[in-house]
Amino acid sequence: MALRPFVLFLPLGLWSEWAAAVATEHPEDLVELLAGTDTHNGSSPSNGNVLPMAKRPHGFNDWAPQTNLEGNAWWFRRAESTFFGIRCTHQPSPWIGDYGHFLVQPHIADAPQELKYTPGTSTFRPYLFKADLQDMTMEVSPTSHAALMRVMFPKSVTGRLSLMIGSGSVEATGGTISGHTTQNNGGVPADWRGMFFVMKAITPSIASSTVGVPIANSTSATLEFLAGSGPVVVALATSFISREQAELNLRQEVGSLSFDQVVNQGRAEWKARLRHVEVEALDDSQLRVFYTNLWRSMLFPRFLQEVNEKGREVHFSPYRNDVLPGKLVTDSGFWDAYRTVYTLQSIVSPDNLGGLIDGWVNAFNEAGWLPQWPSPGQRRSMTGSMGDFVLGDAIAKSTWGFVSGFNVTNAYEAIRKDAFIEGEGSYGRVGLRDYIQKGYVPESDFKPSHSLSDGAQGFPESVTRTQNYYIADAVIARAAKLLGRDGDHDALLARSKRYGVLFNNDTLFFQPRNASGHFYAPFDPLAWRNGFTESGGWQYRFYVPHDVEGLKALYRGSLCDRIKAMLTHTSGPAFHVGGYGNVIHEMMEAAAIQPNFGLYAHSNQPVHHILWVAKRAGCSDVADQYLRKVMRNLYTVRGWAGDEDNGEMASWYVLSALGIYSLEGGKDEMVLGSPAVVSATVHLPRGRTLKVTTKNQTEGNVYVQSVMWTPSGRVSRPVTDVLRYTELMGGGTLTFTMAGAPKPPSVPRSTADPVRVFV
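So, here's what we can say about the structure. All values reported here derive from a predicted model rather than from experimental measurement.

Observations concerning the state of the cysteines
Now for step 1: Summed over all chains, the structure comprises one disulfide.
Now for step 2: Residue Cys 560 pairs covalently with Cys 619 via a disulfide, S to S 2.0 Å. Between Cys 560 and Cys 619, the disulfide has an S-S torsion of -80° and is therefore left-handed. Within this pair, whereas Cys 560 is found in helix α13 (residues 559-567), its partner Cys 619 is found in the loop between α15 (610-616) and α16 (620-633), the two being separated by 59 residues in sequence.
Now for step 3: On the accessibility criterion, Cys 560 (29% relative accessible area) is partly exposed.

Structure follows, in structure tokens:
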């Protein structure tokens, strides 16, 4: 039974308009799996565009009910009460699509059919799905590669369980269904063998059959169970390697466990993961929002390795179309995830991060390039090579002693190749030669009076590409320095500082140039895609998170005012369609929040650095105010302000709610913000803890007056807006004193002690 949050009464000195904080011993039961599942299709505004997935952390399979057949990638919608089965899915995003999927449906009719269920009374937990389906009850509890299902049929009728596929093969023999599904949306070899599955009846079956069924023109295999059998239990497992490996996965992960034992095992695993961060929240809603976002941060990327009969990790490689040793990960887009997902993992679960990086290094070894959006293999999606940021940051944290378990030399080889070798096909950096020679990638969508020189070439969304290259090169440069690659460091650091090439000193915006060096004209900062990805010039105006001091210099003392102007641009058009030619859902989402956030379109990733840039630049008043406003208004138990892409938006919330954030990969620095929770305890490796505490914390007290840092076993000292990552990971207490008004400017700011801790 789920336990409700309990109330912690605070000492009198911490009272304000709230007299109590709320905490829980069972965060796994506060997760809102249905958050973000209202989006109807790709043309409608998003409040997450996610699925209510029951799975294990970074698990091989996900499980969610399918509520429609006509929605394509939007096959689950919260408002729908139809039920076509529980879907084994690997869909990381509706924009990428699914692969290796199939449906399982209980039914009492001769064949599967449309059923009804009530979402509001069903159980959606990270470790359990349970629903009443007319006269039946279905429960599903997953492991990583397997699942147990329990169905209660009416006592007087024969019960049936059917497994349905759209392509591949399926058959039922005795009490077992087996086969493979080859359904996919790309990212697989041309002769992909698909995902293998085996479903075994634990409760004895009396008959089996294989037929075509009208649901989505699928083929199904069915097991029948004697009337009055009581709860019917089946065990199911999958593999990308072979049917034999699926059978082995079933024995390894389920074996003789009962349904309730698998439920309890899954619940315990999620509880342990989520309790890496124990928070005291202002209220029950904030507590649920926090743990829902922490849960989302632990779903992707997906581990693809399996354990063979010798006890060794192996995986099917979509790059080599072969079975190879070691880990592999997939289903994560670096363009989104680089900003927050891996930073959060480096704090709350650095051991797990080492395994994820090992999986990415193996992907590089097998593909020859570091993939940027694999699902399961490389997909042509988004701009930049932001995996360089993730691996470069991991290399740095490895040299500092906090992340391990991957080959550092190979990791550096992967990101160095992106920086120095022209891309091939969907891999690497497009326009790299121009970027190296000119300092920027020229724009192809260029229609001014200046024409391109003969033979010159450009690329769409060039400002975003170029800015991403600057950011990635800064991280690779830091990794190179730590590894003694001084030549690489010097070249890449110099490249990363050339962002002024795209900055127009007349407009004070970053703008696209053509191959001849002319700025795109006339320039419209509200126009989307004209040099930019999924946004316009306003959203990329401050996209220099790797050199905030340099950004301040570009704005000649006006940076704080310019950021504030963006946030207060609350009337007039929120966008012009620009190069997109029509309204896309991100535009609608940006317009929806404009009355409260101006042109700060937190509904999408391009602006997620801005408030932290403001904090790092000393614009603390506006940063504190809007960080808390974003967390309060744009993160709810219902969902998000836009697509929650593979844990990125969720990780942004968790880091921000704790009051810590990383702007620069590979740099020993965390920026300190305005924490939203009352307090938090982060369990670090080696038995250490990071405690975040607040004084005078209320919903309205958003302005930080002072921050004290007390390293474990050492003397407290005041800090300003930054703290070293290496110090933070050594353990200690951060104490934020809050107030309802900005800190008076006359109060001097202290300088952080430049102590560096390597432990």
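Details of the pattern of salt bridges
Now for step 1: Tallied over the entire structure, the rule returns 40 salt bridges.
Now for step 2: Residues Arg 125 and Asp 29 are paired through a salt bridge, measuring 3.5 Å at the closest nitrogen-oxygen approach. Separated by 96 residues along the polypeptide, Arg 125 in strand β8 (residues 123-125) and Asp 29 in the loop between β2 (20-23) and β3 (62-66) bring together distant segments of the chain.
Now for step 3: Judged by its relative accessible area of 22%, Arg 125 is partly exposed.
Now for step 4: Judged by relative accessible area, which is 3%, Asp 29 ranks as buried.
Now for step 5: When the shortest N-O distance is used, the salt bridge between Asp 488 and Arg 416 registers 2.7 Å. Pair noted here: Asp 488 is in helix α11 (residues 486-496) and Arg 416 is in helix α8 (residues 408-420), with a separation of 72 residues, a long-range link.
Now for step 6: Salt bridges here are not isolated pairs; linked through shared partners, they connect Arg 478, Arg 616, Glu 664, Lys 667 and Glu 669.

Focus on the packing of helix α5 (residues 341-348) against helix α17 (residues 648-658)
Now for step 1: α17 packs onto α5 with a crossing angle of 50° between their chain directions and a minimal axis gap of 8 Å. Considered as vectors, α5 and α17 are oriented oblique to each other. For α5 against α17, the interelement crossing comes out left-handed. For the pair α5 and α17, the contacting residues are Val 341, Thr 343, Leu 344 and Ile 347 in the first and Glu 648, Ser 651, Val 654 and Leu 655 in the second.
Now for step 2: Partitioning the contact of α5 with α17 into residue classes produces five nonpolar, two polar and one charged.

Here's the deal with the pairing of strand β15 (residues 195-201)
Now for step 1: Counted residue by residue, β15 has five buried out of seven residues, so it is predominantly covered.
Now for step 2: Across six bridges, the pairing between β15 and strand β18 (residues 232-239) is antiparallel. Each bridged residue has a counterpart across the sheet, and for Lys 200 the counterpart in β18 is Ala 235.

Description of the environment of Val 583
Now for step 1: Note on placement: Val 583 falls in the loop between α13 and α14 (585-597).
Now for step 2: The spacing of Val 583 and Ile 215 is 368 residues in sequence and 34 Å in space, taken between C-alpha atoms.
Now for step 3: Contacts of Val 583, omitting those with residues within four sequence positions, involve Phe 575, Val 577 and Met 588.

Section: the packing of helix α6 (residues 350-367) against α8
Now for step 1: Running from N to C, α6 and α8 cross one another at 60°; their axes reach a closest spacing of 9 Å. Taken together, the axes of α6 and α8 lie oblique to each other. Of the two elements, α6 crosses α8, and the hand of that crossing is left-handed. Contact residues: α6 offers Val 361, Phe 364 and Asn 365, while α8 offers Asn 410, Ala 411, Glu 413, Ala 414 and Lys 417.
Now for step 2: Per-class residue counts for the contact of α6 with α8 are four nonpolar, two polar and two charged.

Quick look at the sheet that holds strand β36 (residues 732-739)
Now for step 1: Strand order in the open sheet made by the six strands is β19-β31-β32-β36-β33-β34, with mixed pairing throughout. The sheet is open, and its two edges are formed by β19 (277-280) and β34 (717-719), each paired on a single side. Ignoring strand direction, the axes of neighbouring strands in this sheet form an average angle of 20°.
Now for step 2: The pairing of strand β31 (residues 679-683) with strand β32 (residues 689-695) spans five bridges and is antiparallel. Within β32, the residue paired with Val 682 across the bridge is Leu 690.

Some words on unusual backbone geometry
Now for step 1: Cis peptide bonds are those with omega within 30 degrees of zero, and the linkage from Phe 300 to Pro 301 qualifies with 0°.
Now for step 2: Turning to its location among the elements, Pro 301 is positioned in the loop between α3 (284-296) and β20 (302-303).
Now for step 3: Omega for the bond connecting Ala 521 with Pro 522 falls within 30 degrees of zero, at 0°, which places this linkage in the cis form.
Now for step 4: With phi around 55°, Glu 461 is a residue other than glycine that occupies positive phi space.
Now for step 5: When its relative accessible area of 11% is taken as the criterion, Glu 461 is described as buried.
Now for step 6: Look at Asn 646: it is not a glycine, yet its phi comes out positive at around 55°.
Now for step 7: Along the chain, Asn 646 turns up in the loop between β28 (639-640) and α17.
Now for step 8: Judged by its relative accessible area of 1%, Asn 646 is buried.

Comments concerning the nonpolar core
Now for step 1: Residues Phe 102, Val 104, Leu 163, Phe 290, Ile 347, Leu 391 and Ile 660 are the most contacted members of the largest nonpolar core, which totals 211 residues.
Now for step 2: A total of nine residues in this core trace back to one element, the largest contributor, which is helix α10 (residues 462-482).
Now for step 3: Those residues in contact with Phe 102, other than ones at most four positions away along the chain, are Trp 63, Ile 86, Arg 87, Cys 88, Leu 163, Met 164, Ile 165, Thr 181, Met 195, Phe 197, Leu 236 and Thr 238.
Now for step 4: Formed by seven residues, the second largest nonpolar core is a distinct cluster that contains Ala 574, Phe 575, Ile 584 and Ala 601.

So, the sheet that holds strand β16 (residues 207-213)
Now for step 1: Pairing is antiparallel across the open sheet formed by six strands, whose spatial order is β3-β5-β6-β12-β17-β16. Two strands in the sheet have a free side with no partner beyond their single neighbour: β3 and β16. Along the sheet, successive strands turn relative to each other by an average axial angle of 25°, direction set aside.
Now for step 2: Taken together, the five bridges between strand β6 (residues 102-107) and strand β12 (residues 159-165) define a ladder with antiparallel strand orientation. Bridge pairing links His 107 to Arg 160 in β12.

Thresholds, definitions, all that
Residues numbered from 1 in each chain as written. Predicted model: local features only at pLDDT ≥ 70, side-chain atom pairs only at ≥ 80, totals over all residues. Heavy atoms only, no water. Disulfide = S-S within 2.5 Å. Helix = DSSP H or I, 4+ residues; strand = E, 2+ residues; numbered from the N terminus. Buried < 20%, exposed > 50% of the residue type's maximum accessible area, 1.4 Å probe, protein only. Salt bridge = Lys/Arg side-chain N within 4 Å of Asp/Glu carboxyl O. Axes fitted to C-alpha atoms, helices over the stretch in contact; angles between N-to-C directions. Parallel < 35°, antiparallel > 145°, perpendicular 65-115°, else oblique. Left-handed = near helix turned anticlockwise from the far one by under 90°. Contact = heavy atoms within 4.5 Å. Nonpolar A, V, L, I, M, F, W, Y, C, P; charged D, E, K, R; others polar. Pairing = 2+ DSSP bridges. Core = buried A, V, L, I, M, F, W, Y, C linked by side-chain atoms within 4.5 Å.

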